Amino acid sequence: MTLAYGSMPLDRGTNQRKNKRWLTAEFNHQDTLFCVIHEGMSLFEKAAEFIPIYLNKTQLPTVNLNSCIYLGKGRAEHQGGVKNQPATAAIFAIDYNKLRFSTQQALTELGQWQGIRQVTANLSAIDASILALAKGLVHWHISHQFCGHCGNANGAVEAGHARRCSDCRNMSFPRTDPAVIMLVEKMFADGTPRCLLGRQASWAKGMYSTLAGFVDPGETLEQAVSREVVEETAIIVEKPQYIASQPWPFPASIMLAFTAIATSETIDISQDDLEDAQWFSREQLSKFTSNSSVTDVAANSETLQYRMSSSDSISSYLITAWLNKEIGQY
């Protein structure tokens, strides 16, 4: 299976990037590419259908190594206006706010800014993975400008993969928060298997997704599956089974997908923040529209159209795989 944001082609150079001489050579190489992140958005060509722009050094003449984050060396599917690039090149990320005003203006004239998740369906798996990594790391630097130990300012080190406090020298590193996401199924007395889906009020009208939640400290993944389902819907589950994982740097998570068998069926969402949760049969799921549908039916209409969860998420994969009887017991 191929999940969005999980097709990373880059060699991150974990050992080499700590070598300042090696890193400087990578930064100054004529083939090196840069992707700019602006308030979580990436730069895309104006005339094309969301082709990402990777810039070269001549387009960013005043950028210095200390303001960049080394992503790795490998292949980007699209290179914007950059011509005659080799199959592999070092790629750096940089925060738009670290650029000079004149460079910012030039980039705005060169392309258009778009949120990655809004255009993932139009991107190659490789481009989506690279841009998601860049977004996640830039966000981490913005949100960790001060030492969590003593509160003083810290600065980027190790090619942007760590920050060191200017006072106590405490080192901070990007962390990934594990989150479980579950396709809960049950065989009902009428002989029809159904899966449990829920929705939040902020989602697009009619959209339902699998249940999900963060793993608590001192908790196994399997325990997190059971706890989250009970907390959100009061449904008791057993036999959690791991399916797959998906990077989710929005801003800093990894989604760990499971199936689980429900031993109860009465839903109660009064103790959590879900707007609704329901059991759906495969026949019902087959009538869901994709999340890209522009259908907008009134909430009180008898013809309310249900929607699949976002196509870039592992939730969509779980629902579709269960619908096609590729996962699950029933």
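The rules behind each value
Residues numbered from 1 in each chain as written. Predicted model: local features only at pLDDT ≥ 70, side-chain atom pairs only at ≥ 80, totals over all residues. Heavy atoms only, no water. Helix = DSSP H or I, 4+ residues; strand = E, 2+ residues; numbered from the N terminus. Buried < 20%, exposed > 50% of the residue type's maximum accessible area, 1.4 Å probe, protein only. Contact = heavy atoms within 4.5 Å. Areas by Shrake-Rupley, 256 points an atom, 1.4 Å probe, with all protein chains shown as cover. Lys, Arg positive; Asp, Glu negative; His and termini not counted. Charge placed at Lys NZ, Arg CZ, Asp CG, Glu CD. pLDDT = per-residue confidence, 0-100. Phe/Tyr/Trp six-rings, centres within 6.5 Å; stacked < 30°, edge-to-face > 60°. Lys NZ or Arg CZ within 6 Å of the ring centre and 35° of its normal. Pairing = 2+ DSSP bridges. Axes fitted to C-alpha atoms, helices over the stretch in contact; angles between N-to-C directions. Salt bridge = Lys/Arg side-chain N within 4 Å of Asp/Glu carboxyl O.

For the rest of this paragraph, the subject is the overall build of the protein. For the protein, the helix and strand inventory stands at seven helices and 14 strands. For the protein, the C-alpha atoms occupy an extent of roughly 70 × 50 × 35 Å along the three principal directions. Relative to its full complement of 330 residues, the protein shows a buried share of 48%. By sequence separation, contacts in the protein at least 24 residues apart represent 66% of the contacts at least 6 residues apart. Of the accessible surface of the protein, which amounts to about 16200 Å², a share of 47% is contributed by carbon and sulfur atoms. Separation of charge centres in the protein, based on 28 positive and 33 negative side chains, amounts to 10 Å.

Right, let's talk about the confidence of the model for the protein for a bit. Averaged over every residue, the pLDDT of the protein is 91; residues scoring 70 or more account for 92%. Below a pLDDT of 50 lies the segment residues 293-303, which in the model reaches 13 contacts outside its immediate sequence neighbourhood of four places, other chains included.

The next point concerns the packing of aromatic side chains. Scanning all chains against the criterion turns up 17 aromatic pairs. Between the aromatic rings of Tyr96 and Trp113, the centroid separation amounts to 5.4 Å while the plane-to-plane angle is 80°, which identifies the pairing as edge-to-face. Taken together, the residues Tyr96 in the loop between β4 (89-95) and α2 (101-110) and Trp113 in strand β5 (residues 111-115) connect sequence positions 17 residues apart. Taken as a pair, Tyr96 and Trp113 share a single burial class, namely buried. Ring geometry for Tyr208 against Phe280: centres 5.3 Å apart, planes inclined by 70°, an arrangement best described as edge-to-face. Here Tyr208, found in the loop between β10 (193-199) and β11 (211-214), pairs with Phe280, found in strand β14 (residues 276-281); they are 72 residues apart in sequence, far enough to count as distant. Judged by relative accessible area, Tyr208 falls into the buried class, the value being 4%. The class for Phe280 is buried, based on a relative accessible area of 0%. Within the aromatic cluster, the residues linked to one another by ring pairs are Trp22, Phe27, Phe34, Tyr70 and Phe92. The ring of Phe250 has Arg117 lying over it, and the distance from NZ or CZ to the ring centre is 6.0 Å. When the ring centre of Tyr208 is taken as origin, the NZ or CZ atom of Arg199, which lies over that ring, is 6.0 Å away.

What follows concerns the sheet that holds strand β7 (residues 162-165). Spatial ordering of the open sheet is given by β6-β7-β8, a layout of three strands whose pairing is antiparallel. Because the sheet does not close on itself, it has two edges, and the strands there are β6 (154-157) and β8 (171-172).

So, on to the sheet that holds strand β1 (residues 33-38). Reading across from one edge, β3-β4-β1-β2-β5 is the order of the five strands in this open sheet, with mixed pairing throughout. The open sheet has two edge strands with one neighbour each: β3 (68-74) and β5. In this sheet, adjacent strand axes meet at a mean angle of 35° when their direction is disregarded. Bridging between strand β2 (residues 41-45) and β5 involves five bridges; their strand directions are antiparallel. Its bridge partner lying in β5, Leu43 is registered against Trp113. Here helix α1 (residues 20-28) sits on the sheet in contact with β1, β3 and β4, set at roughly 80° to β3. Helix-sheet contacts for α2 involve β1, β2 and β5, and the interaxial angle to β5 is about 85°.

The next thing to look at is the pattern of salt bridges. With the rule as written, the count across this model stands at nine salt bridges. Across the pair Arg117 and Asp312 runs a salt bridge, and its minimum N-O distance is 2.8 Å. Placement of Arg117 in helix α3 (residues 116-119) and of Asp312 in the loop between α6 (282-285) and α7 (314-323) is noted, with a sequence separation of 195 residues between them. Arg117 sits in the partly exposed class, given a relative accessible area of 34%. The class for Asp312 is buried, based on a relative accessible area of 5%. Of the charged contacts in the structure, one is a salt bridge between Arg227 and Asp216, with a shortest N-O distance of 3.5 Å. With Arg227 in helix α5 (residues 221-233) and Asp216 in the loop between β11 and α5, the pair connects residues that are 11 residues apart, well separated along the chain. A relative accessible area of 17% places Arg227 in the buried class. Here the residues in one salt-bridge network are Asp216, Glu219, Arg227, Glu228 and Glu231, joined through shared partners.

Most peptide bonds take the trans configuration, and most residues that are not glycine carry a negative phi. Of note, the amide linkage connecting Phe250 to Pro251 takes the cis form, showing an omega dihedral of 10°. Here the phi dihedral of Arg169 falls at roughly 70°; this positive angle occurs in a residue that is not glycine. The residue Arg169 is located in the loop between β7 and β8 in this model. Phi at Lys325 takes a positive value of approximately 60°, unusual for a residue other than glycine.

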